[in-house]
Amino acid sequence: MRPILLQGHERSLTQIKYNKDGDLLFSTAKDHVVCAWYSVNGERVGTYNGHIGALWTVDVDPTTTLLVTGSADNTIRLWDVRTGKQLKMWEFPTAVKRVEFSEDGTLLLAVTEQRMGHLGTVVVFPITVDLEAEQVDAPSFTITFRESKATVAAWSYLNKYIITGHEDGRVSQYDGKTGELIKDVQAHELDMQITDIQMAPDRTYFITCSKDKNAKILDVNELKVLKTYVTDTPLNTAALTPKKDFVILGGGQEARDVTTTSQRQGKFEARFYHKIFEDEIGRVKGHFGPLNTIAVHPQGVGYASGGEDGYVRVHHFDKPYFDFAYEVEKMKG
Amino acid sequence: EDQFEAEVANKEVLEARKRQLDEWRAWRARIEKEVRWERVDLGLPEDPEEALREAAGEEEDKIVE
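Residues numbered from 1 in each chain as written. Chains lettered and ligands numbered in written order. Predicted model: local features only at pLDDT ≥ 70, side-chain atom pairs only at ≥ 80, totals over all residues. Heavy atoms only, no water.

## A few points about the overall build of chain A
- Per the secondary structure count, chain A includes 3 helices and 28 strands.
- For 333 residues, the compact-globule estimate of 2.2 N^0.38 gives 20 Å, and the C-alpha radius of gyration of chain A, at 19 Å, lies within 12% of that figure.
- Taken over the C-alpha atoms alone, chain A extends approximately 55 × 50 × 45 Å along its principal axes.
- Only carbon and sulfur atoms are counted for the fraction: they give 47% of the accessible area of chain A, which is about 13,500 Å².
- Positive and negative charge centroids in chain A, built from 38 and 45 side chains respectively, lie 4 Å apart. (Helix = DSSP H or I, 4+ residues; strand = E, 2+ residues; numbered from the N terminus. Rg over C-alpha atoms; globule rule 2.2 N^0.38 Å. Areas by Shrake-Rupley, 256 points an atom, 1.4 Å probe, with all protein chains shown as cover. Lys, Arg positive; Asp, Glu negative; His and termini not counted. Charge placed at Lys NZ, Arg CZ, Asp CG, Glu CD.)

## Describing the nonpolar core
- A:Ile163, A:Phe206, A:Ile207 and A:Leu249 are the most contacted members of the largest nonpolar core, which has 37 residues in total.
- Taken together, the elements giving at least two residues each to this core come down to strand S14 (150–155), strand S15 (161–166), strand S18 (194–199), strand S19 (205–210), strand S20 (214–219), strand S22 (235–241) and strand S23 (246–251) of chain A together with helix H1 (2–41) of chain B.
- In terms of residue count, H1(B) provides more of this core than any other element does, 5 residues in total.
- Residue contacts for A:Ile163: discarding those within four places in its chain leaves A:Val152, A:Ala153, A:Ala154, A:Val171, A:Ser172, A:Gln173, A:Ile197, A:Met199, A:Phe206, A:Val220 and A:Leu223. (Core = buried A, V, L, I, M, F, W, Y, C linked by side-chain atoms within 4.5 Å. Buried < 20%, exposed > 50% of the residue type's maximum accessible area, 1.4 Å probe, protein only. Contact = heavy atoms within 4.5 Å.)

## Points about H1(B)
All names here are of chain B.
- With 40 residues, H1 ought to run about 58 Å at 1.5 Å a step, and its terminal C-alpha atoms sit 59 Å apart, in line with that.
- Regarding H1, the residues found buried are Gln20, Leu21, Trp24, Trp27, Arg28, Ile31, Val35 and Arg39.
- Where H1 terminates, the next one or two residues include Gly43, which has phi positive at roughly 75 degrees. (Expected span 1.5 Å × (residues − 1).)

## A short note on the UniProt feature "repeat: WD" (unreviewed entry) in chain A
Residue and element names in this part refer to chain A.
- The UniProt record marks residues 6–47 and 48–89 with the feature "repeat: WD" (unreviewed entry), using the residue numbering of this structure.
- In the segment residues 6–47, helix accounts for 0% and strand for 52%; the C-alpha atoms at its two ends are 13 Å apart.
- Between the C-alpha atoms that bound residues 48–89 there is a distance of 13 Å. The span itself is 0% helix and 55% strand. (UniProt positions renumbered as here; feature names shortened; annotations may be inferred.)

## Here's the deal with the packing of aromatic side chains
- As enumerated under the stated definition, the model contains 20 aromatic pairs over all chains in all.
- Between A:Tyr205 and B:Trp24 the ring centres are 5.3 Å apart and the planes differ by 90 degrees, which places this aromatic pair in the edge-to-face class. Of this pair, A:Tyr205 sits in strand S19 while B:Trp24 sits in helix H1, placing the two residues on different chains.
- Residue class for B:Trp24 comes out buried when judged on its relative accessible area of 7%.
- Members of the aromatic cluster, each reached through a chain of ring pairs, are A:Phe246, A:Phe272, A:Phe277, A:Tyr303, A:Phe317, A:Tyr321, A:Phe322, A:Phe324 and A:Tyr326.
- Taking the ring centre of A:Trp56 as reference, the NZ or CZ of A:Lys97 above it sits at 4.5 Å.
- Sitting above the plane of the A:Phe277 ring, B:Arg17 keeps its charged end 6.0 Å from the centroid. (Phe/Tyr/Trp six-rings, centres within 6.5 Å; stacked < 30°, edge-to-face > 60°. Lys NZ or Arg CZ within 6 Å of the ring centre and 35° of its normal.)

In C-alpha cells:
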C-alpha cells in the first residue's frame, strides 16, 4: 500500500474531499489555494484562485459541477469544477469553517465562526446545480448559536436534519427546512471540541471525533451513540469506509503541546478501527505532524490524509485490506 | 484449568462479537427499509443514486435538443 504524495500545498492541510466518482480529489490548506488532483496518480489537475485568506473547508456537489470553499477571508466561493472560474461569492462578518452540499446538491450549509460581536452560525443557501444559473444572495435561514458555537455540521438523508458538532462536545439536530433545534446530546466529553463530522454514504448515521480522544457513531434520527472508538491522542478527523466495516481516525498532538518526547512517538498515524467491534486493527504511518483531515474514496478503494506537515498522502487499498475479516463476519449471518 | 478458562473467555468474546454484528445488521436492515418508505412517501425514487442519475440524464437530453 505505497502512498502517493501530493506536493503542492505550502501550509497545513485543512480538508480533503473526493468527488462522487472518486476520480478527483480536492484539497484546502492554510496557503490560500484550492487544489484539484487525479486520485489515481496524484497528478494536479488545477487550482482555484481568488481567496485571500487561509482555506478551512471544501466540498463538491454530487454531479461534480460545482465546488464550494470556505475561508478565513470571511467568504464562501462557488467555482466551476472544470474551468476553475469563480461563479459566486458570499461574504460574512467572520471566517467560514465548514461547508457541505446536501445529498442532492440543492442545498448548501456553512458554519461561520464566532468572534467578538458576532455569534457563530450555520447558514443555508438553496443551490441551482447549473453553471449558468444565478445563485441567490441571501441564505434561506440562519441558525444562531447563543451558547456553544458549532465547529462542524452535516446534512442527513433527505435533507431532514442539519447535524452540528460543537465546541463544548455536544451534538445537535436541527430541522433541515426551518433550522429549528430538535434534539441535543452531550456526545463527547464536556468542553472538548468536536473536530470532525462525516456522514455514512446513505446519511442515516455519522461519525464524530473530538479532542477528548474518542470517535463516536451516532444515528441521525435519535442521536443515539451506537459506537465508541477510544484512542490515546486528540482527534482531528474521522472517516467511515464503504465496502469494509472500518473507520479511520487521525489526529496527534502538536510537538509544542507535548512535554516529553516519548509521548510524541507514534501519534501521527492513521488509525483503523473495526466499525462494529470497536477494536483497533491497524495503523498507517507517514505524516510528520498531526493528521488534520481524512477522506475515503466513495467506492471504498482507498483513502487520503492531509497533515499539519503540508502533505496529502493518497493510499490505494490492497488485497489484504479487503480480505481482512473477523471469524464471526465470515460465518453465515 | 488455564486452558479451560481461556476457552471460556474466547467463547465469550466470540459471542459478544456475534451479538454486536447481529444488532448492527438488524438496525441497518430496519433503517434502510424506513428510508425507502420515506422516499416513496415523498414521491422520490427509492434509491438516491438513481435520482441523481436521472437528474444527470435529463441534463444531457437537454443538450442533445
